[in-house]
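Given next are the chains, with one letter for each unit.
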Amino acid sequence: MADAHRIRIDGTVQGVGFRPFVYRLARRHGIAGWVRNDEEGVCIHAQGASAALDAFLRDVRTDAPPAASIASVRTEATSLQPHETFAIRHSTDAGPATVRITPDLPVCNDCRRELFTPSDRRHRYPYINCTNCGPRYSIVRSLPYDRPRTTMADWPMCDACAAEYQDPLDRRFHAQPVACPDCGPTYVYRTDGTDQERGEAAIRQTARALREGQIVAIKGIGGYHLACDARNADAVQRLRERKVRAEKPFAVMTADHDTARGLVDLSDDAAALLTDPARPIVLAPSRAELPGVAPNLRDLGVMLPYTPMHLLLFDVGAPDVLVMTSANRSSEPIAYRDADALERLSGLADAFLVGERAIARRVDDSVARADPFGPVVLRRSRGYAPQAVATLPTERPVLALGADLKNTVTLVVNGQAFVSHHIGDLDTMAARTAFETTVEDVLAVYDLAPQDVTVAHDAHPEFATTRHALALNTSRQPVQHHRAHVASVLAEREAWTRRVVGVAFDGTGYGDDGTIWGGEVFVGSVAEGFKRVGHLRPSVLPGGDAAIRWPVQAAAGFLADLDPPADLTGPPFSLPDRFEQAQQLIDADVRLFPTTSAGRLFDAAAALLGFTGRVAYEGQAAIELEHQARGHPRVDPYPFPALDHRPLLTALLDDRAAGRSTSACARAFHEGVVQGLVDVLQRLGTEHAVDTVALSGGVFQNQLLLRGVHDRLADTDWTVWTNHHVPPGDGGISLGQAALAARRSDRP
Ligand code: ZN
Ligand code: ZN
Ligand code: FE
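These numbers were taken from a predicted model, which means no experiment stands behind them.

The rules behind the values
Residues numbered from 1 in each chain as written. Chains lettered and ligands numbered in written order. Predicted model: local features only at pLDDT ≥ 70, side-chain atom pairs only at ≥ 80, totals over all residues. Heavy atoms only, no water. Donors = N, O, S within 2.8 Å, 3.2 Å for Na, K, Ca; no water. Helix = DSSP H or I, 4+ residues; strand = E, 2+ residues; numbered from the N terminus. Buried < 20%, exposed > 50% of the residue type's maximum accessible area, 1.4 Å probe, protein only. Phe/Tyr/Trp six-rings, centres within 6.5 Å; stacked < 30°, edge-to-face > 60°. Lys NZ or Arg CZ within 6 Å of the ring centre and 35° of its normal. Salt bridge = Lys/Arg side-chain N within 4 Å of Asp/Glu carboxyl O. Axes fitted to C-alpha atoms, helices over the stretch in contact; angles between N-to-C directions. Parallel < 35°, antiparallel > 145°, perpendicular 65-115°, else oblique. Left-handed = near helix turned anticlockwise from the far one by under 90°. Contact = heavy atoms within 4.5 Å. Nonpolar A, V, L, I, M, F, W, Y, C, P; charged D, E, K, R; others polar. Pairing = 2+ DSSP bridges.

Peer 1: Would you mind going over the coordination of the iron ion (ligand 3) with me for this structure?
Peer 2: Ideal donor angles around a metal are set by the shape: a four-donor tetrahedron calls for 109.5 degrees, a six-donor octahedron for 90 or 180 degrees. Within the protein, the iron ion (ligand 3) binds to His481 (NE2), His485 (NE2), Asp506 (OD), Asp506 (OD) and Asp730 (OD); these donor distances fall in the range 2.0 to 2.7 Å. Between the donor residues of the iron ion (ligand 3), the gaps in sequence give the motif H-x3-H-x20-D-x223-D. On the criterion of helical spacing, the pair formed by His481 and His485 is a turn pair, its members being four residues apart in helix α13 (residues 481-492). For His485, a relative accessible area of 0% puts it in the buried group.

Written as structure tokens, this is what we have:
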């Protein structure tokens, strides 16, 4: 007696070898029927003896391919069809496309083996891939995910590749980017405006140029990198000069795991993160000296090779540690189109390793860190995007446009929240274009018009994202920046009604009263909204934005209401004129911007402990302050009662004047912020009967601060929640906006 089932599976099930897996499973269990991809995921018609069907269904759930991630399996009885065997059917493309696109995957072990097997027909082929590995998101032009809709459409398969592509038992069955040296793209080495070498010779030439200290623009999965020998201080210095990137740390790629271990201290969790399928840049404490790579920092960002080209590059003798930084001038988006790269990077790179496979969308490297309380994604991009990070309780699609710094956008379709790749700071024309393209792209992929969605955006009236929201001309939901930060933590956990104390310690964001917020404490939930119940004692930023670039200027603002005023005229304080000029602004009461920004408080402390210059990248002063503090064991905290910064800074000034070391002062400052915050939490917890705290905002990238709060609350009843899947910084804002807007648009 045979039964028939219709099985629908959704999740990350396309482009990960799911259909061939189902096919092999069906064969094994003697099941007849078919499997196909459709807009919602994978659909299976399975018929056979009921025991066999049960076993088949069980194995579908438990033995899925490594890159697949099943969100749900729905089964219903259906009528028997005249099938004798099991078949893989072609995709349908009717109806709305709501299926998830798979992130780009690193080269797998099977492909790596073939890559280095002389008898294999893809021996040393830089674009080798299979059903379990290779590019996905970066080559998809539209859905469903099939070769004609990818950037591989321009490369017709040869007979041998076509045979593998069509054979359900082959490990390249329906691997969309499948190719070989006979039919596929390759790499080209280019200097002085002409192509010099192709294929392996091009990669050898690149390795040689890198050994000689040159800077080469290398095309990867989601864009170009600028690469140089990380152990060659002159080359690193030259790269900094050309990129106009004075001090921002560079990430490195190492030839292998052992080389990485020689450079950084890897905990087990960090080592696991390094080989995660996303192959992120992993930040870990450095143990080797690489002059100029990450100046003044105790951490280094390390990643492993993730494309076959990278493996070949190291195999043919590239230096074993390469600086690999996004190919752009500072703050512009990463270059990903060949013509654009060749033009924009001509003064930056000595040579180009151009890959012939086109990139459909730019995807930067992701950045992650293994914290004692779990991994934290600090930049969510290649390998993670565009996976759904949460299921939101809304029927109506929501498009959240994020913030103007570290921009990402989130689209919610059928309740699934898809967070885009990292787009970056929208302060250049190129970046704003990239943002607009991404918005069009995510809507197009899911077949949505702006009128179909509710648009969520930051409450800041001057943000480019806000102007774009207005231009989209559909229903809108402004969301206050710091509430979005707190909501991002809860959205990750799908905790809609959980009441929490939400802490957003951040750089700057537009507050309800039009002032610059950034040290905010809320009570509430995503469902009921967040009421502001506390904040850093207000101060002023003399000169506005300039005070963000110059920590001494922020310091002048924070010190303005010390009574008696601090005397900073003598050593050890050697503050530049800019400090006094800022004081004059305060005295004259001109260009003063009220603020509660915790980020600026950290900047002020950094300025008083010697960071008297201009910040070269966002958060630099605060990051260097943290790294100074990490160099000193725990000390007694400075007082920070009810988030009043006056006693905190007074204690720091006194200590510093008395000659205490800057690292001890930096440490006591951190301990003070932790203790002050924990005291506030304890009070609010009792007052509002809440025992969960959600910590977010860019300042919580600070490990010492985050660990401090965790440690201090470890033996209490408090539950501490932080971001893991989206960044605590502004890269997480779009998810938080989406969550709050989804709840509101859901109400009657
Ligand atoms: Zn593979
Ligand atoms: Zn071929
Ligand atoms: Fe923020």
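Peer 1: For this particular structure, what's the right way to read the packing of aromatic side chains?
Peer 2: Centre-to-centre distance and the angle between the planes together describe a pair of aromatic rings. Taken as a whole and judged by the stated rule, the model has eight aromatic pairs. Look at Tyr125 and Tyr127: their rings are 6.3 Å apart centre to centre, the planes differ by 65°, and that puts the pair in the edge-to-face class. Site record: aromatic cluster; members linked through ring pairs are Tyr125, Tyr127 and Tyr187. Seen from the ring of Phe250, Arg240 lies directly overhead, with NZ or CZ sitting 4.0 Å from the centre.

Peer 1: Just checking my understanding: could you explain the pattern of salt bridges for this structure?
Peer 2: As a working rule, side chains carrying opposite charge can pair if their charged atoms are close by. Scanning the model with the defined rule gives 35 salt bridges in all. Between Glu164 and Arg172 there is a salt bridge, and its shortest N-O distance comes to 3.9 Å. Residue classification places Glu164 among the buried residues on the basis of a relative accessible area of 14%. Since its relative accessible area comes to 2%, Arg172 is described here as buried. When the shortest N-O distance is used, the salt bridge between Arg532 and Glu520 registers 2.6 Å.

Peer 1: What's the story with the packing of helix α5 (residues 199-211) against helix α9 (residues 308-315) in this structure? I'm lost.
Peer 2: Axes are the key here: two packed helices are described by the angle between their axes and the distance separating the axes. In the contact formed by α5 and α9, the axes pass within 9 Å of each other and the chain directions differ by 60°. Between α5 and α9, the angle is such that the two are oblique. For the pair α5 and α9, the sense of crossing is right-handed. Along its contact with α5, which presents Ile203, Thr206, Ala207 and Leu210, the element α9 presents Met309, Leu312 and Leu313. Of the residues in the contact of α5 with α9, the class split is six nonpolar, one polar and no charged.

Peer 1: Hey, could you run me through the environment of Val453 in this one?
Peer 2: Here Val453 lies in the loop between α11 (429-445) and β21 (454-458). Taking C-alpha positions, Val453 is 9.1 Å from Val413, a pair spaced 40 residues apart along the chain. When neighbours within four sequence positions are excluded, Val453 is seen to be in contact with Arg396, Pro397, Leu399, Leu411, Leu443, Leu448, Thr474 and Ser475.

Peer 1: I would appreciate a short explanation of the coordination of the zinc ion (ligand 1) in the present structure.
Peer 2: The protein atoms that coordinate the zinc ion (ligand 1) are Cys108 (SG), Cys111 (SG), Cys130 (SG) and Cys133 (SG), at distances of 2.3 Å. The sequence motif formed by the donor residues of the zinc ion (ligand 1) is C-x2-C-x18-C-x2-C. Remark: Cys133 occurs in the loop between α3 (109-115) and α4 (159-166) and Cys108 occurs in the loop between β5 (86-88) and α3; sequence separation between them is 25 residues. For Cys133, a relative accessible area of 1% gives the class buried.

Peer 1: Mind showing me how you'd approach the sheet that holds strand β3 (residues 41-49) here?
Peer 2: Pairing between the strands of a sheet comes from backbone hydrogen bonds, and it takes one of two forms, parallel or antiparallel. If you walk across this open sheet you meet the five strands as β4-β1-β3-β2-β5, and the pairing is mixed. One side of each edge strand has no neighbouring strand; the edge strands of this open sheet are β4 (69-77) and β5. Looking at each pair of strands side by side, their axes are set apart by 15° on average, direction ignored. Here seven bridges tie strand β2 (residues 32-38) to β3, and the two strands are oriented antiparallel to one another. Looking at the pairing, Val35 lines up with Ile44 of β3. On the sheet, helix α1 (residues 18-29) packs against β1 (2-12), β2, β3, β4 and β5 and is oriented at approximately 170° with respect to β5. Its contacts with the sheet put helix α2 (residues 50-62) on β1, β3 and β4, and the angle it makes with β3 is roughly 155°.

Peer 1: Honestly, helix α15 (residues 551-559) in this entry has me stumped. Any pointers?
Peer 2: It helps to recall that an α-helix has 3.6 residues per turn; residues three or four apart then point in one direction. Most of α15 sits out of view: nine of its nine residues are buried. If you check which residues of α15 are buried, you get Pro551, Val552, Gln553, Ala554, Ala555, Ala556, Gly557, Phe558 and Leu559. The elements touched by buried residues of α15 are β26 (539-542), α14 (546-549), α16 (577-588), α17 (598-608), α18 (620-630) and α19 (645-657).

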